[in-house]
Amino acid sequence: MVNVKPEQFQKIWSALITPTNEDESVNYEALERIVELQIQDGAEGFYCCGSSGEGLLLTLEERKQVLEHVLKAADGRVPVISHVGTIRTRDVVDLARHAMSAGALAVSMIPPYYYKFSMDEIMGYYEDVIRAIPDVPAIVYNIPQFTGVEFSKENAGRLLSNENIVGIKHTSTNLYSLERMGQAFPGKALINGFDEQLLGALAMGSCATIGTTVNLFAPLFHRVRDAFDRGDMAQAYRWQHAINLRVEETVKLGIFNAMKYGWTLRGVDCGFCRAPFRPLDGAAREKMAQLMADLRAKPPVEIAGVGVLQQKDYKDGSVVETATGARSQMELTGSNVLRYEMADGTSLIVRPSGTEPKVKVYILANGADKEECDGKVAKYAAWAESLKD
């Protein structure tokens, strides 16, 4: 008897990266740190050892250890799904049995790959795991561009009729197929797997998303979902557009490495993906690091003709009063972010892009009316542009 309900999956899940050291060993300390910080960012659950987590580049023991550390860091605050798929059924059973005993909400499995297994053999692979662990809740991982197998209502009906199959992670652009599976099997959790189509997937019946860029940009996913739930499609589209800009740039660089380096820039060194993946280009990394170093070395006393009252450095937690030089300490540390409190009531937040050799500036303006706010934004935006020079 499976003891989970579809609504338990109605969340924004981070397809969690796996931090590594220079020698490619797993950096478990960094792993626990980013779990904590991502929960603060708004991640509502973690999907570990999937594509983003380099699951197929980890040993079986490492996959078990990654799950245990994620569960430890999450400490029951958010649920965890463990991806246990691999080519050999016996290994999948081993990982799935460990995941359930460790406390995962469910397991997820890609189909067996490389050999061109028949659909009957693929169905048998999933069924063998369920037979070995009768109470396991399992999510089918549909990612045809990597596995060469695309699940649909027709060929996956045998699986989706099984009570142990609680849902499908649909990392496919075929939203028609997603909707058809949802109509045929209404009790299953339909989980979107492509960040760039979240809004479309929600419209076609998806109840959740598991995303790579949730690692760095969880708040944007909340905004899409919240606007969709309110029926504000124009606003939902604007936030989906913001996600897609980030997806486009990270894909150019290599999305998994970009997520890891984004966290390194936030103050948690996550290394790079294991070979044969190649690390990000050194010149781009150096440029991003230098931009932030320059701001710290020469803190501004005024910006756009307005005095800086206070500088907060979230890397070391220091707070500096510009007029007096008095220093105090915040509790929040570990993020490569600077915040300036301005004399006109504006707050400027400066952080490096996780994907490009530049910094990003967020302008939090307030005023008596929209015209006053727009004037402040235009003034500080011109300063932000000057950082390119």
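Each remark here, short or long, concerns the structure printed above.
Residue numbers restart at each chain and count upward from 1, following the sequence in its written direction. Per-residue local features of the predicted model are confined to residues with pLDDT of at least 70, and side-chain atom pairs are confined, for both listing and counting, to 80 or more; whole-chain, interface and lining totals are unaffected and use all residues. Computation of side-chain values covers all heavy atoms of the structure but excludes hydrogens and water.

### With respect to the overall build of the chain
- Helices and strands together make up the secondary structure of the chain, namely 13 helices and 15 strands.
- Between the two quantities, the radius of gyration covers C-alpha atoms and the globule rule is 2.2 Å times the number of residues to the power 0.38. Against the globule reference of 21 Å for 389 residues, the chain gives a C-alpha radius of gyration of 23 Å, in line with a compact fold.
- Seen along its three principal axes, the alpha-carbon backbone of the chain occupies a region of about 70 × 50 × 35 Å.
- Only protein chains enter the area calculation, which uses a 1.4 Å probe; residues under 20% of their type maximum are buried, those over 50% are exposed, and those in between are partly exposed. By residue count, 54% of the 389 residues in the chain fall in the buried class.
- Sequence-distant contacts, at least 24 apart, represent 63% of the contacts inside the chain between residues at least 6 apart.
- In these tables, accessible area is a Shrake-Rupley quantity obtained with a 1.4 Å probe, and a residue counts as shielded only by the protein chains included in the view. Of the roughly 17500 Å² of accessible surface on the chain, 52% is carried by carbon and sulfur atoms.
- Charge assignment: positive for Lys and Arg, negative for Asp and Glu; neither His nor the chain ends contribute. The location of each charge is read from NZ of Lys, CZ of Arg, CG of Asp or CD of Glu. In the chain, the 42 positive side-chain charges and the 50 negative ones have mean positions that sit 1 Å from each other. Elements are defined by DSSP. Helices are runs of H or I of four residues or more, strands are runs of E of two residues or more, and each kind is numbered from the N terminus. By the convention used here, residues are in contact when the closest approach between their heavy atoms is within 4.5 Å.

### Brief notes about the side chain of Gln240
- Inspection of the secondary structure puts Gln240 in helix α10 (residues 233-253).
- Take Gln240: its relative accessible area is 5%, and that puts it in the buried class.
- Polar contact is the term for a pair of N or O atoms within 3.5 Å; when the atoms are in protein, one must be able to donate a hydrogen and the other to accept it, and sequence-neighboring residues count only if both atoms are side-chain atoms. A distance of 3.1 Å separates a polar atom in the side chain of Gln240 from the backbone oxygen of Asp195.
- Polar side-chain contacts of Gln240 include one of 2.8 Å to the backbone nitrogen of Leu199.
- Ignoring sequence-local partners within four residues, the contact set of Gln240 consists of Asp195, Glu196, Gln197, Leu198, Leu199 and Val224.

### Side note on the pairing of strand β1 (residues 12-15)
- Residue alternation in β1 divides its side chains into two sets, Ile12 and Ser14 and Trp13 and Ala15, and both sets are buried.
- Sheet topology places β1 next to strand β8 (residues 208-211); three bridges connect them, and they run parallel. In the strand pairing of β8, Ser14 is matched with Gly211.
- For the crossover from β1 across helix α1 (residues 28-41) to strand β2 (residues 45-48), the handedness is right-handed. For two strands to be treated as a pair, DSSP must find no fewer than two bridges joining them. By convention a crossover is right-handed if, when the strands point away from the viewer, the path from the first strand over the helix to the second runs clockwise.

### Side note on the environment of Ala15
- Within the secondary structure layout, Ala15 lies in strand β1.
- With a relative accessible area of 8%, Ala15 lands in the buried category.
- Between the C-alpha atom of Ala15 and that of Gly45, which follows or precedes it by 30 residues, the distance is 8.9 Å.
- Beyond its immediate stretch of four places on either side in the chain, Ala15 contacts Tyr47, Ser52, Ile210, Gly211, Thr212 and Asn215.

### Description of the pattern of salt bridges
- Here, a salt bridge means any side-chain nitrogen of Lys or Arg that lies within 4 Å of a carboxyl oxygen of Asp or Glu. In total, this model carries 19 salt bridges according to the counting rule given.
- Residue Lys72 is joined to Glu32 by a salt bridge in which the shortest nitrogen-to-oxygen separation is 3.6 Å. Separated by 40 residues along the polypeptide, Lys72 in helix α2 (residues 60-74) and Glu32 in helix α1 bring together distant segments of the chain.
- When its relative accessible area of 56% is taken as the criterion, Lys72 is described as exposed.
- Of the charged contacts, one joins Asp94 and Lys64 as a salt bridge, the two residues approaching to 3.1 Å between their closest N and O atoms.

### Comments concerning the packing of α2 against helix α3 (residues 89-102)
- Closest axis-to-axis distance for the α2/α3 pair is 10 Å, and the angle between their directions is 20°. Looking at the two axes, α2 sits roughly parallel to α3. Like other packed secondary-structure pairs, α2 and α3 cross with a definite hand, here right-handed. Facing α2, whose interface residues are Leu60, Arg63, Lys64, Leu67, Glu68 and Leu71, α3 presents Asp91, Asp94, Leu95, His98, Ala99 and Ala102. Axis lines are fitted to C-alpha atoms, over the contacting stretch for helices. Their N-to-C directions set the angle, which ranges from 0 to 180 degrees. The cut-offs work like this: below 35 degrees is roughly parallel, past 145 is roughly antiparallel, 65 to 115 is roughly perpendicular, and the gaps in between are oblique. Left-handed describes a crossing in which the near helix is turned anticlockwise from the far one by less than a right angle; the clockwise case is right-handed.

### Regarding the nonpolar core
- What is meant by a nonpolar core is a set of buried Ala, Val, Leu, Ile, Met, Phe, Trp, Tyr and Cys residues, joined one to another through side-chain atoms within 4.5 Å. In this structure, Phe46, Val70 and Phe151 are the most contacted members of the largest nonpolar core, which totals 74 residues.
- Counting residues per element, this core draws most heavily on helix α9 (residues 214-230), which supplies eight residues.
- What Phe46 contacts, discounting residues up to four positions off in sequence, is Trp13, Ser14, Leu16, Val35, Gln38, Ile39, Val70, Val78, Pro79, Val80 and Ile81.
- By size, the runner-up hydrophobic cluster in this structure holds 18 residues, among which are Ala106, Tyr141, Ile143 and Ile191.

### With respect to a nonpolar patch on the surface
- A patch is a set of surface residues, each over 30% in relative accessible area and not in a salt bridge, joined within 9 Å for like charges and within 5 Å for the nonpolar side chains Val, Leu, Ile, Met, Phe, Trp and Tyr. On the surface, Ile87, Tyr114 and Tyr115 cluster together to form a nonpolar patch covering roughly 380 Å² of accessible area.
- Turning to its location among the elements, Tyr115 is positioned in the loop between β4 (106-109) and α4 (119-132).
- Owing to a relative accessible area of 52%, Tyr115 belongs among the exposed residues under this scheme.

### Details of unusual backbone geometry
- Geometrically, the link from Ala275 to Pro276 is a cis peptide bond, its omega value of 20° lying close to zero.
- Take Pro276: it is sitting in the loop between α11 (255-265) and α12 (282-297).
- Phi angles above zero are rare outside glycine, and Glu54 is one such case at about 55°.
- Note that Glu54 resides in the loop between β2 and α2.
- In this structure Glu54 comes out as buried when scored by relative accessible area, which is 4%.

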